[in-house]
Structure formats: structure tokens, C-alpha cells
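Structural features, examined
Residues per chain, in single letters:
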Amino acid sequence: MTTRRWQLAHGRHLDLGGKSVIVGILNVTPDSFSDGGLFVAPEQAVAQAHRMMEEGASVIDVGGESTRPGASAVTADEEQARVLPVIEALARLGEALISVDTYREDTARLAVAAGAHIVNDVWGLQREAGIARVAAETGAGLVIMHTGRDRQKLPDVIEDQFFFLRKSLEIARRSGVADDHIVLDPGFGFAKETAEENLDLMARFSELDALGFPLMAGTSRKRFIGTVTGRDASARGAGTAATSVILRLKGAQLFRVHDVAINMDALAIADAMLARDVPGS
């Protein structure tokens with residue numbers, strides 16, 4: 001299997017391809033859809049980051065504003081007050097790679113200065129394009145996510161991915177972001193309103209290889225998993241792990257999850273299968 005090096009801020013990198021990479025979700029918010037309020041205090045957040053690292057997470061993704069449908073917007077100052085102390089504390093420990101989940105240029109810049117290695121933008125650079133300049137100037141890794149929010153989507157799920165993400169990639173390149181700093185995320189659940197649309201995106205996930213970038217999957221505890229399994233958000237770990245395995249076999253390299261241990265185990269099996277490379281299989 002081909003390995004690609006993802007270049008990150010502060011002289012760090014991640015090698016992607018041979019082994020699945022877990023990105024642990026750390027929401028320092030009072031209102032996220034499945035874990036809101038659990039890790040608001042910095043000491044709670046750092047303790048949860050340690051738990052996820054011990055279970056196998058390579059990256060901790062820190063977010064200060066809920067992105068669930070209908071969530072209340074927060075100011076940049078409020079977002080920064082939530083995420084920066086946690087990022088600074090994790091950076092002092094020097095163990096984890098740190099990602100900041102934000103669409104704001106100012107928050108991204110401050111987060112990288114505080115020690116973050118990666119910027120994860122759920123609006124794909126199309127809300128505040130300046131976030132791409134932050135990545136270019138700091139050398140941060142950049143996750144560009146697809147969303148269908150606030151626009152008319154194309155009817156074909158993959159055509160809409162190409163339409164949106166190619167525009168995002170054009171913004172990144174105009175800003176000077178090198179290709180080896182970029183990972184793409186197809187944005188499961190972000191204006192993919194039905195279980196069928198998300199399942200279609202999973203079924204056709206390998207078509208996204210045509211974009212030529214490493215892919216991150218973010219299905220964790222999403223509503224479509226609940227629709228299929230009948231489980232509440234906090235009980236969707238096994239369902240999430242099943243989607244992780246499917247998406248790994250279809251080409252995903254990174255997996256953004258709440259429940260690290262069960263996904264680590266599931267993906268270890270998927271990685272072992274991919275490593276077999278048995279002729280005729």
C-alpha cells in the first residue's frame with residue numbers, strides 16, 4: 001500500500017496509508033450533539049485527551065463550537081476562550097498531534113501559535129478563505145471538509161463532492177498551500193439529510209480517490225448510524241466502527257471518532273486484511 005507523508009506545523013508529520021490513523025474528537029462545548037458539556041473545563045478536556053491517546057489516537061481534534069444542525073453560533077472570542085487553553089496544555093505535554101476544528105481565520109492562527117499542528121475546516125475554506133493563508137504561512141496540515149449547507153447541492157452525491165472540493169482546492173492553492181499539507185473529508189452528515197444519502201456516499205467512497213488526496217472519514221455517532229441501528233448517539237460506537245471498516249477498505253486513511261478503542265480494534269482487522277493483498281481476493 002502506498003504511503004504518503006502529511007506535512008504539519010511545527011516540523012511534525014504523519015505517514016498515511018499503511019496503518020489507519022485515529023483522530024480523537026474533543027469537543028470543549030456545552031452543546032455538541034453527543035458529548036456536550038462533558039469536557040468544558042480544561043482539566044476535563046486534557047484528561048479525556050490522555051484517555052484517547054492511551055487508547056490509540058494519534059491526533060486530538062479540539063473544537064469550541066458545535067456543528068450539529070441548529071446549534072447556536074458562538075463568537076470568535078468565546079470559541080478561542082474554549083480551545084486555546086486546552087491546546088496550550090496539550091502542547092506543553094508534547095505528546096499528541098493537535099488539530100483545531102474551526103472555520104475562523106483568527107482562531108486558526110492563534111491555535112497554531114498555541115501549538116496546534118492541523119487546522120480542520122468544516123466549511124472547506126468557503127466561509128473564511130483566509131484560513132488557507134494560515135495553513136500556508138504556518139505550514140499547518142489542512143483538513144478540507146465538504147458540506148452542503150447554505151447552498152443548492154447537485155443531485156449526484158459524488159458529483160457534488162467534486163464540485164465543492166475542487167473549488168476548495170483552488171482556494172488552497174491560490175493561497176499557497178502545498179498539496180502534501182492537505183487531507184480531504186467528504187463530510188458525512190453535513191447536509192446529507194437522509195441515511196440513504198450517507199450510505200450512498202459510503203458505497204461510492206472509493207470514487208473520491210480521483211481527487212488525489214488522502215481522505216478522512218467522520219461518521220462517528222452520526223444520525224444515519226442511529227437510523228440504521230436504532231441506537232441513541234452515545235450508543236453508536238459499534239455502528240461507527242462498522243462504517244470505519246467499510247471506509248478503510250474503500251480507501252480512507254484517517255478516522256475522526258469519539259470512541260477510540262472500538263475503532264482501533266475494528267481498524268486493526270481492516271489493516272491486517274489490506275496488508276494480506278492475496279492474489280485473486
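Whatever comes next refers back to the structure up there.
Residues numbered from 1 in each chain as written. Predicted model: local features only at pLDDT ≥ 70, side-chain atom pairs only at ≥ 80, totals over all residues. Heavy atoms only, no water.

**Looking at the sheet that holds strand β4 (residues 59-63)**
Taken in spatial order, the eight strands line up as β8-β7-β6-β5-β4-β3-β10-β9 in an open sheet, and their pairing is parallel. Across the chains shown, the open sheet's two edge strands, defined by having one partner strand only, are β8 (182-185) and β9 (216-217). Each of β3 (21-27), β4 and β5 (97-101) touches helix α2 (residues 76-93); the most contacted strand, β4, lies at about 160° to it. (Pairing = 2+ DSSP bridges. Helix = DSSP H or I, 4+ residues; strand = E, 2+ residues; numbered from the N terminus. Contact = heavy atoms within 4.5 Å. Axes fitted to C-alpha atoms, helices over the stretch in contact; angles between N-to-C directions.)

**Section: helix α6 (residues 195-203)**
The set of residues buried in α6 consists of Ala 195, Asn 198, Leu 201 and Met 202. For α6, the angular spread of buried residues about the axis comes to 130°, placing them on one side. For α6, the secondary structure elements touched by its buried residues are α5 (157-174), α7 (223-229) and α8 (237-249). (Buried < 20%, exposed > 50% of the residue type's maximum accessible area, 1.4 Å probe, protein only. Arc of directions from axis to C-beta.)

**Overview of a nonpolar patch on the surface**
Nonpolar side chains collect at one region of the surface, where Leu 249, Ile 269 and Met 273 lie side by side and expose about 340 Å² of accessible area between them. By the secondary structure assignment, Ile 269 is in helix α9 (residues 260-276). The exposed category is assigned to Ile 269, whose relative accessible area is 58%. (Patch = residues over 30% accessible without salt bridge, like charges linked within 9 Å, V, L, I, M, F, W, Y side chains within 5 Å. Areas by Shrake-Rupley, 256 points an atom, 1.4 Å probe, with all protein chains shown as cover. Salt bridge = Lys/Arg side-chain N within 4 Å of Asp/Glu carboxyl O.)

**Things to note about the packing of helix α3 (residues 105-114) against helix α4 (residues 130-138)**
As a packed pair, α3 and α4 sit with axes 8 Å apart at the nearest point and diverge in direction by 20°. One way to sum up the angle between α3 and α4 is to call them roughly parallel. Considering the relative orientation of α3 and α4, their crossing is right-handed. Note on element contacts: α4 touches α3 through Gly 130, Ile 131, Arg 133, Val 134, Glu 137 and Thr 138, opposite Glu 105, Ala 108, Arg 109 and Val 112. Across the contact of α3 with α4, the residue classes tally to four nonpolar, two polar and four charged. (Parallel < 35°, antiparallel > 145°, perpendicular 65-115°, else oblique. Left-handed = near helix turned anticlockwise from the far one by under 90°. Nonpolar A, V, L, I, M, F, W, Y, C, P; charged D, E, K, R; others polar.)

**So, the environment of Glu 65**
Summarising the element assignment, Glu 65 is placed in the loop between β4 and α2. Along the backbone, Glu 65 and Ala 91 are 26 residues apart, and their C-alpha atoms lie at a distance of 21 Å. At 3.3 Å, the side chain of Glu 65 and the side chain of Tyr 103 are in polar contact. For Glu 65, the side chain forms a polar contact with the side chain of Arg 104, separated by 2.8 Å. (Polar contact = N/O pair within 3.5 Å; in protein donor to acceptor, adjacent residues only side chain to side chain.)

**Describing the nonpolar core**
Core analysis: the biggest nonpolar cluster contains 64 residues, and Leu 26, Ile 60, Val 62, Ile 87, Ile 144 and Leu 184 have the highest contact counts within it. Broken down by element, the residue count for this core peaks at eight residues, all from α5. The residues contacting Ile 144, other than those within four sequence positions of it, are Asp 121, Gly 124, Leu 125, Leu 165, Ser 168, Leu 169, Ala 172, Ile 182, Val 183, Leu 184 and Asp 185. Judged by nonpolar contacts, the second largest core, of 13 residues, contains Leu 16, Leu 97, Ile 118 and Val 143. (Core = buried A, V, L, I, M, F, W, Y, C linked by side-chain atoms within 4.5 Å.)

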